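# Analysis of the macromolecular model
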Amino acid sequence: MASSITSSGSKTLRVLLLPHFATGHIHPFTELAVSLAVSSPNATVEAIIAVTPANVPIVQSLLERHSAATVKIVTYPFPTVEGLPKGVENLGKAATQADSMRINIAASTESLMRPAHETLVRAQSPDAIITDLLFTWSADIADELGVPCVTFHVTGAFSMLAMRHLMMEDAAIDGDDTVTAPPFPTPQIRVPRTELPDLSIFRYVFGKVHSMQAACFGLAVNTFSGLEQQYCDMYTGQGYVQRSYFVGPQLQSSESPTDDSKSQYIGWLDTKSDHSVVYVSFGSCALVSHAQLDQLALGLEASGKPFLWAVRAAEKWTPPKGWEKRVEDRGVIIRSWAQTTAILAHPAVGAFLTHCGWNSILEAVAAGVPMLTWPKFHDQFVNERLINDVLGIGHRLWPHGAGLRSEDYEKHELIPADDVARALLTFMHPGGPGDVMRTRVMDLASKSHGALAEGGSSQQDLHRLVNDLMAAKEGRN
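Residues numbered from 1 in each chain as written. Predicted model: local features only at pLDDT ≥ 70, side-chain atom pairs only at ≥ 80, totals over all residues. Heavy atoms only, no water.

As named in an unreviewed UniProt entry, the protein is Glycosyltransferase, taken from Triticum aestivum. Of the comments in the UniProt record for the protein, the one headed Sequence similarities (unreviewed entry) reads "Belongs to the UDP-glycosyltransferase family." (UniProt positions renumbered as here; feature names shortened; annotations may be inferred.)

As a further point, take the packing of helix H6 (residues 157–166) against helix H8 (residues 225–237). H8 packs onto H6 with a crossing angle of 50° between their chain directions and a minimal axis gap of 8 Å. The pairing of H6 with H8 is recorded here as oblique in orientation. Every pair of crossing elements has a handedness; the one defined by H6 and H8 is left-handed. Facing Ala-157, Phe-158, Met-160, Leu-161 and Arg-164 of H6, the residues of H8 in contact are Glu-228, Tyr-231, Cys-232, Met-234 and Tyr-235. Of the residues contributing to the contact of H6 with H8, the split by class is 8 nonpolar, no polar and 2 charged. (Axes fitted to C-alpha atoms, helices over the stretch in contact; angles between N-to-C directions. Helix = DSSP H or I, 4+ residues; strand = E, 2+ residues; numbered from the N terminus. Parallel < 35°, antiparallel > 145°, perpendicular 65-115°, else oblique. Left-handed = near helix turned anticlockwise from the far one by under 90°. Contact = heavy atoms within 4.5 Å. Nonpolar A, V, L, I, M, F, W, Y, C, P; charged D, E, K, R; others polar.)

Whenever strands of a sheet pair, they do so through backbone hydrogen bonds, lying parallel or antiparallel. The parallel open sheet is built from 7 strands, whose spatial order is E3-E2-E1-E4-E5-E9-E10. The open sheet has two edge strands with one neighbour each: strand E3 (71–75) and strand E10 (244–246). Strand after strand, the sheet turns through a mean of 25° between neighbouring axes, direction not considered. As paired strands, strand E5 (residues 149–153) and strand E9 (residues 218–221) are joined by 4 bridges and run parallel to one another. When the sheet's bridge partners are listed, Thr-151 is paired in E9 with Leu-219. Of the strands in this sheet, strand E1 (11–18), strand E4 (128–131) and E5 touch helix H5 (residues 138–145), which is tilted by about 155° from E5. Each of E1, strand E2 (43–51), E4, E5 and E10 touches helix H17 (residues 457–476); the most contacted strand, E10, lies at about 145° to it. (Pairing = 2+ DSSP bridges.)

Over the atoms, a rolling probe the size of a water molecule traces out where space has been left empty. If you add up the space inside the second largest pocket, you get close to 400 Å³. As for the second largest pocket, its lining consists of 19 residues, and the residues nearest its centre are Arg-190, Pro-192, Arg-385, Arg-396 and His-400. Going through the elements one at a time, strand E8 (190–192) and helix H14 (380–390) are the ones with two or more residues in the lining of the second largest pocket. No other element matches H14, which puts 4 residues into the lining of the second largest pocket. Across the lining of the second largest pocket, the residue classes tally to 4 nonpolar, 7 polar and 8 charged. Counting residues domain by domain, the lining of the second largest pocket receives three or more from each of domain 1 (13–253 + 453–470) and domain 2 (260–448). (1 Å grid on protein atoms, 1.4 Å probe; cavity = no way out; pocket = protein on both sides within 12 Å on 5 of 7 lines; lining within 4 Å. Points joined across faces, edges and corners; volume = space filled by probe spheres on them. Domains from an automatic or database assignment.)

Attention shifts here to the sheet that holds strand E6 (residues 172–173). Strand order in this open sheet of 3 strands is E6-E7-E8, and the pairing throughout is antiparallel. Each edge of the sheet is formed by a strand with only one pairing partner; in this case those strands are E6 and E8. Pairing of E6 with strand E7 (residues 178–180), which is carried by 2 bridges, proceeds in the antiparallel orientation. Bridging from a neighbouring strand, Ala-172 pairs with Thr-180 of E7.

For any two helices packed against each other, the geometry comes down to the angle between their axes and how far apart the axes lie. At a closest axis distance of 9 Å, the pairing of H6 and H14 adopts a crossing angle of 120°. As summarised for this structure, H6 and H14 are arranged oblique, according to the angle between their axes. Classified by chirality, the crossing of H14 by H6 is right-handed. Along the contact surface, H6 presents Phe-158, Ser-159, Ala-162, Met-163 and Leu-166, while H14 presents Val-382, Asn-383, Arg-385, Leu-386 and Val-390. Here the contact of H6 with H14 is built from residues that sort into 7 nonpolar, 2 polar and 1 charged.

This part takes up the domain arrangement of the protein. Once the domains are mapped, the protein shows domain 1 (13–253 + 453–470) and domain 2 (260–448). When each unit is reduced to the centre of its C-alpha atoms, the spacing between domain 1 and domain 2 is 26 Å. Tallying the contact residues gives 43 residues for domain 1 and 34 residues for domain 2. Around 3,200 Å² of area is buried between domain 1 and domain 2 when both sides are counted, 61% of it from carbon and sulfur atoms. (Buried area = accessible area lost by both parts, 1.4 Å probe.)

Right, let's talk about empty space enclosed by the protein for a bit. In this structure the tally under the stated criterion is 1 cavity of 30 Å³ or more. Considering only enclosed or pocket space, the largest cavity measures out at about 70 Å³ in volume. Forming the walls of the largest cavity are 10 residues, and the residues nearest its centre are Phe-282, Val-288, Ala-310, Val-311 and Arg-312.

Structural data, given as C-alpha cells:
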C-alpha cells in the first residue's frame, strides 16, 4: 500500500499523543502536538491529543493560543477509582495527598487503563503513538498494531538519568539515610531518603518504565542540548533507548489577546522597577500545608519585596488576618490559572520562588530569571541539584541542614517566615546571588530560544523525529 497523500501532494503522518492526568504533562504534550503539526515542510502531521473529558478545557485553552496549528482532541473515559470524587481527573484538582495517590495509581494500573487506551488507539488508527511514561502498555499496543511508539519524557535528561540510577538496587544508602546514585557524572547525586519516593514501590514502577523505553521506537525529551548536553549524551550513549530526540523547550505560548487576568497582572508588573518583584508559584500539583502557607505569606510581608503569588486553585487557604490589607500596595495573589510564561518574561520579575517542576524551570530559563528553590516532591528534589549545583542559576531557599525536607508535605518541617524573608533579601540584594545567577541564566535563555529556531538543535530533532516516523510508516507499506 502506498503512503497516504494529501490534496496538496504532501505525505501525511497521523500521530496520537497520550499524556498523563496532570496539567504539567498535558501542557508539554499539547505544545509538542502543535510543534509536530507545523514542523515539517515535507509532510502533513495530523496531531491528535487524547485526554479524559475533564481535561479537555486545559488542552483547548492552550490550543487557542496557536492559530497556525490544527490539533485534534479526542477523549476516553477516566477509570472509576474508589474514594476519588467524581470529576477529579487531574492531579491539579486533587485536594488531598490521598487523592493524588489515587490518580497516580490509577494511571499506572494496566487493568484500569489499557482497555480504554486500546479501544481509543484502534479507533484512531494512528501511524505512531507518543505516550507518557506511566502508560507502559502503550508499547505493546503499538507493537500489536505494527506502529512505532515513542515515549515523551516531560522532565529533563539530568533528572531522568539521576532517578534511574537512584532507583537501582545498588544505590548506596549511608548512615544518615542518604541515597547516593551509582556511577553518575559530577556532581555526585546524594539525596536524603525523605526527599525520594518509596523506593520499594518506585523501583517496580520504574522497572516497567525502563523496559518500555528500551522496547519503544524512541524517546523524546522536553529539554535542549544547550542546557543538558552531557546528560543527553549519556542517556543515549548508555544504550537505554533505541533513538533519542531532544525537542524542548516545549513551553506554553504567551500569546492570549483575550486573557483579561493576564493583562491585569502584566499591568501591575508595569508599575514596578526592573528585577524588583519575586514571583512565587509551586505549580498545579504540589500540596502545601496551610501552616506553611501562613509562614510564606508572613515571610513575603517581612521581606518588604513586591511579590506576585500564584496560589494553587485547589487550596482552600485563607491568609492570616489583616495580611492582605497590609501588603495590598506591593503584593498580589493569583487564585486562577497563572500565565507563568508571560509573567516571568516581564522585566520587573527579579526572582522566581519555585517548586522546581521541570516546566517551571524551562520557563525561568527561557525568561532569564534566577530561581530560589523549594522542591515539593519526586524529581523536583533532583531538579534542584541541576539548577543549583550544575547550572548555578538558583539557590536553596532553606539552607542544607536547616531542617527536614520531605516528599510528604505533612512531614516537611515548617520553614519559618523569618527564614523566608532572609532568603529573599539575601538573594535579591543588589550585587548579590540573584544578580550573579541572572548573568548565567541569561546566557541559557539565548540558547533556549535558539534551540527551537530554524536550524536549532531541537528544531532539527523535531524534523528528524517526523522523518523517522514517516520512514517507519513507508517501511510498513
